[in-house]
Amino acid sequence: MVRSMKLLTRDERPPGEEPVSDLVPELEVSRAKRVRVLLAAACSPLLFSYTAVATVLAVVSFAADRSRFSATGALLAAGPGWLASWQAELDLGGHPLGVLPLLPTLVVGWLAARAAARAARRVGGRTPADAVPVVTVIAGSHALFGVLIAVLAGGSPIGVNPLTAFCVPGLLAGIAAVAGVARDCGLPAAVRDRFDPVALQGLRAGALGLAALIACGAVVFTAATALSWSTVDSLFEPGFGASFGLFLLSVAYLPNAVVAALSFTTGPGFSVGSLTVGMFGYQEGRLPGVPVLAGIPSHHAVWWPALLLLPVLVGALVGWRIRTIDEDPMLRMRAVAVAGALVAFGCVILGTLSGGRLGDGPFDPVSVPVGVASVIAFCWIVVPGGFVAFFAGAHEAPEPPGEPDVEDNTEVEDIAEVEEEVVESEDGEPAEETEAEADDEPDDEAEESAEDIEETPAEPEPEPAPEQDIAVTESTDGSGDESAHGGDR
């Protein structure tokens, strides 16, 4: 019965509108599914990154000449290799190894970010609070796995400090996870709501400037390597295994070389052991026989300062980006300062990660002067960027529409005063003389006109005319006979 009534009832909804009963709200993720998703996010990047490191080591060991391949040895060596991919300093028989390749770090960081983004989508993360468990689980799993590797490698020739193995992978994995969930959980919007708009524009311009400086370092490194291609070719050994290992090593250290070239392009330079290469100074020293270092020059050249035009152009680019953010020049200068601070901070991070200890031999340490490099990078952004942002942008803020000028305000006030005087005069009260009327009529003429008015005698009023009586008589036949009678009555 009820079913037949529902079928006979006509639907009064407008076309295209869904019924209220069909609008089923999104079901909340169950607790069991949430736990499974978080466990997968914690374990999947560890599994993939460890497998990738073990595969690379196995391929290198298998291709190397006069070496004996062992799958067990590759799996055991993958633990310290995994820590090295997260920039955890190793101890090789009492010799520190802190110059670790940045390319594997980018790869494992991308894996952690991808796992975090996938987990956030599966649990329905929409707010920054939803990102907290995902980031915590990924960072904690990497930290615990690093400590486990450090403990298991206690008696091996490759040692790791447990505290370093806990902090460094956990911190970097947490940063990668934050980058992965940022878009899905609305972190950029939350940051925009809490930051000054001028500071946000400065941060965006600073990110652009840092990327441009990295691109300049890549261009300089590529040009130097291309010009030294004969040296690069001579460093590869005839055997396939050794050449393949040198090739993989050079590719892994490419980001480190680009950061060193960036420091050289901006001025401070870099050092490898006793060798120091700077824009205005050069000290000779030995170099490892690695193809990625073949582009380092053997002596100073007088044309090197011409490369300083590149950071100048980068600073001008940042200023050109900021020139239209606001019509106040001082606000634009503040945005330029924020951009310079971000670039300086980025140079500190990149310089710290790209250098480190290299045993106790003649190539130790490999370093970039991060303090000097950050200050100089700040100046390269602020000086040319501030010049362009100040002079290429607007200098006077336009007046808001509909607001009259100062002269228009004066005229409006004068008109209002005249209207008030007119109203007072209509009410019978004496109206005050305006300043304009006082200026047009001299005081002497006003006094003379007043005296003439007082001396002129008043004219007598005319007497009224005598009244006459007019009588109108009407005849009986309808004709009127009008007669006037005068005299006394």
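Bear in mind that the values here come from a model prediction, so they are computed numbers and not experimental data.

Caption draft 1: Spatial organisation of a positive patch on the surface. Taken together, the side chains of Lys33, Arg36, Arg114, Arg118 and Arg122 present a region of like positive charge at the surface. Of all the secondary-structure elements, those providing two or more residues to the positive patch are α2 (31–63) and α4 (102–122). Of the residues forming the positive patch, the biggest block, 3 residues, is contributed by α4. Inspection of the secondary structure puts arginine 122 in helix α4.

Caption draft 2: The arrangement of the pattern of salt bridges in detail. One pass over the full model with this rule turns up 4 salt bridges. Among the salt bridges present, the one from arginine 357 reaches aspartate 364, with a minimum N-O distance of 3.0 Å. The exposure class of arginine 357 is partly exposed, given its relative accessible area of 33%. Note on aspartate 364: relative accessible area 17%, which makes it buried. When salt bridges with common partners are traced through the structure, they connect Arg357, Asp360 and Asp364 into a single cluster.

Caption draft 3: Expanded view of the packing of aromatic side chains. Across all of its chains, the model carries 7 aromatic pairs by this definition. Seen from their ring centres, tryptophan 82 and tryptophan 86 are 6.3 Å apart, and the 65 degrees between their planes marks the pair as edge-to-face. The exposure class of tryptophan 82 is buried, given its relative accessible area of 0%. The class for tryptophan 86 is buried, based on a relative accessible area of 1%. Taking the centre distance of 4.9 Å and the plane angle of 50 degrees together, the rings of phenylalanine 387 and phenylalanine 391 count as tilted. Of this pair, phenylalanine 387 and phenylalanine 391 both sit in helix α14 (residues 370–392), separated by 4 residues, roughly a single helical turn. Given the relative accessible area of 54%, phenylalanine 387 is considered exposed.

Caption draft 4: Main features of the sheet that holds strand β3 (residues 158–160). On the basis of which strands lie adjacent, the open sheet formed by 3 strands has the order β2-β1-β3 and antiparallel pairing. Each end of this open sheet is capped by a strand with a single partner; those strands are β2 (95–97) and β3. The sheet shows a mean angle of 35 degrees between the axes of neighbouring strands, direction not considered. As judged from the 3 bridges shared by strand β1 (residues 90–92) and β3, these two strands associate in the antiparallel manner. The residue bridging aspartate 91 from the neighbouring strand is glycine 159, located in β3.

Definitions and limits used
Residues numbered from 1 in each chain as written. Predicted model: local features only at pLDDT ≥ 70, side-chain atom pairs only at ≥ 80, totals over all residues. Heavy atoms only, no water. Patch = residues over 30% accessible without salt bridge, like charges linked within 9 Å, V, L, I, M, F, W, Y side chains within 5 Å. Areas by Shrake-Rupley, 256 points an atom, 1.4 Å probe, with all protein chains shown as cover. Salt bridge = Lys/Arg side-chain N within 4 Å of Asp/Glu carboxyl O. Lys, Arg positive; Asp, Glu negative; His and termini not counted. Charge placed at Lys NZ, Arg CZ, Asp CG, Glu CD. Helix = DSSP H or I, 4+ residues; strand = E, 2+ residues; numbered from the N terminus. Buried < 20%, exposed > 50% of the residue type's maximum accessible area, 1.4 Å probe, protein only. Phe/Tyr/Trp six-rings, centres within 6.5 Å; stacked < 30°, edge-to-face > 60°. Pairing = 2+ DSSP bridges. Axes fitted to C-alpha atoms, helices over the stretch in contact; angles between N-to-C directions.

Take it as geometry only, folks, not as evidence of what the structure does.
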